[in-house]
Every structure is written in C-alpha cells, then in structure tokens.
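Take a look at the letters that make up each chain.
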Amino acid sequence: YYRILINLSRNNLTQFDFEYLYLFQNLADLDLSFNLIKNVSPVKKIIKNEIRYLNLKSNLIKLIPEKFFDYFSELIFLDLSENKIFEFSSNSFK
C-alpha cells in the first residue's frame, strides 16, 4: 500500500477540477498553494478518497460552495489562509 502526494504549488494555476481526483485512489496530500485559483467547485461524484491534507493557501478563492468538503471525508488538515474568502455556505463543511 502506498500513499500519493501531489504538489502543484506555484504553478500559476487558475483552476483545478476536483472532479478528477477519484483517479488517484491513494492520494493523501494535495498541495495547490500559491496559485491563482479563483473558484473551487463542488465535486458531483462523491467517491471515497484518502485525502488527508489539502493546502489551498495563497490563492484567489472568494467563496467555498455548499457541500464542497463532502468529498473530503478523511480530511485532517486544511489551509485556506491568504485567500480572498468573503463567504462560506452554511453547508460547506457538512
């Protein structure tokens, strides 16, 4: 058994499609920090994953949509610091 780490920090990404994370069944750490991501869209397919560490620090995220974190049931660490967040849906973390 192995765990996958994907580090895409400092790549000037403007978006990231979380829909395709199901392709990495053993993904444990995802670092998207220091990019230009403005929007995080809800994942439509709720498929069990192992993501425990999600770093979205220092992007341009303004809104965390309803049920966005439903997909991340194993999440232990989340960094949303240094974004432009002005609104969380009341159901973002349910």
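Residues numbered from 1 in each chain as written. Predicted model: local features only at pLDDT ≥ 70, side-chain atom pairs only at ≥ 80, totals over all residues. Heavy atoms only, no water.

Our next topic: the overall build of the chain. In terms of regular secondary structure, the chain is built from zero helices and six strands. Listing every helix and strand of the chain by position from the N terminus yields β-β-β-β-β-β. Among the 94 residues that make up the chain, the fraction classed as buried is 40%. Once local pairs closer than 6 in sequence are excluded, the contacts in the chain between residues at least 24 apart make up 56%. Accessible area for the chain stands at about 5900 Å²; split by element, carbon and sulfur atoms hold 52% of it. (Helix = DSSP H or I, 4+ residues; strand = E, 2+ residues; numbered from the N terminus. Buried < 20%, exposed > 50% of the residue type's maximum accessible area, 1.4 Å probe, protein only. Contact = heavy atoms within 4.5 Å. Areas by Shrake-Rupley, 256 points an atom, 1.4 Å probe, with all protein chains shown as cover.)

With that settled, the discussion passes to the confidence of the model for the chain. Averaged over all residues, the pLDDT of the chain equals 88, while 88% of them reach at least 70. Within the chain, strand E6 (residues 87-88) has the poorest average pLDDT of any element, 76, and strand E3 (residues 53-55) the best, 97. (pLDDT = per-residue confidence, 0-100.)

The next thing to look at is the packing of aromatic side chains. Enumeration according to the criterion identifies eight aromatic pairs in this entry. Judged by centre distance (4.8 Å) and plane angle (80 degrees), the ring pair of phenylalanine 68 and phenylalanine 69 falls under edge-to-face. Taken individually, phenylalanine 68 and phenylalanine 69 each receive the classification buried, so the pair is uniform in this respect. A ring pair is formed by phenylalanine 69 and phenylalanine 72, whose centres lie 6.1 Å apart and whose planes are at 55 degrees; its orientation type is tilted. Put simply, the rings of Phe16, Phe18, Phe68, Phe69, Tyr71 and Phe72 pair up and form one aromatic cluster. The ring of phenylalanine 34 is capped by arginine 10, whose NZ or CZ atom sits 4.1 Å from the centre of that ring. (Phe/Tyr/Trp six-rings, centres within 6.5 Å; stacked < 30°, edge-to-face > 60°. Lys NZ or Arg CZ within 6 Å of the ring centre and 35° of its normal.)

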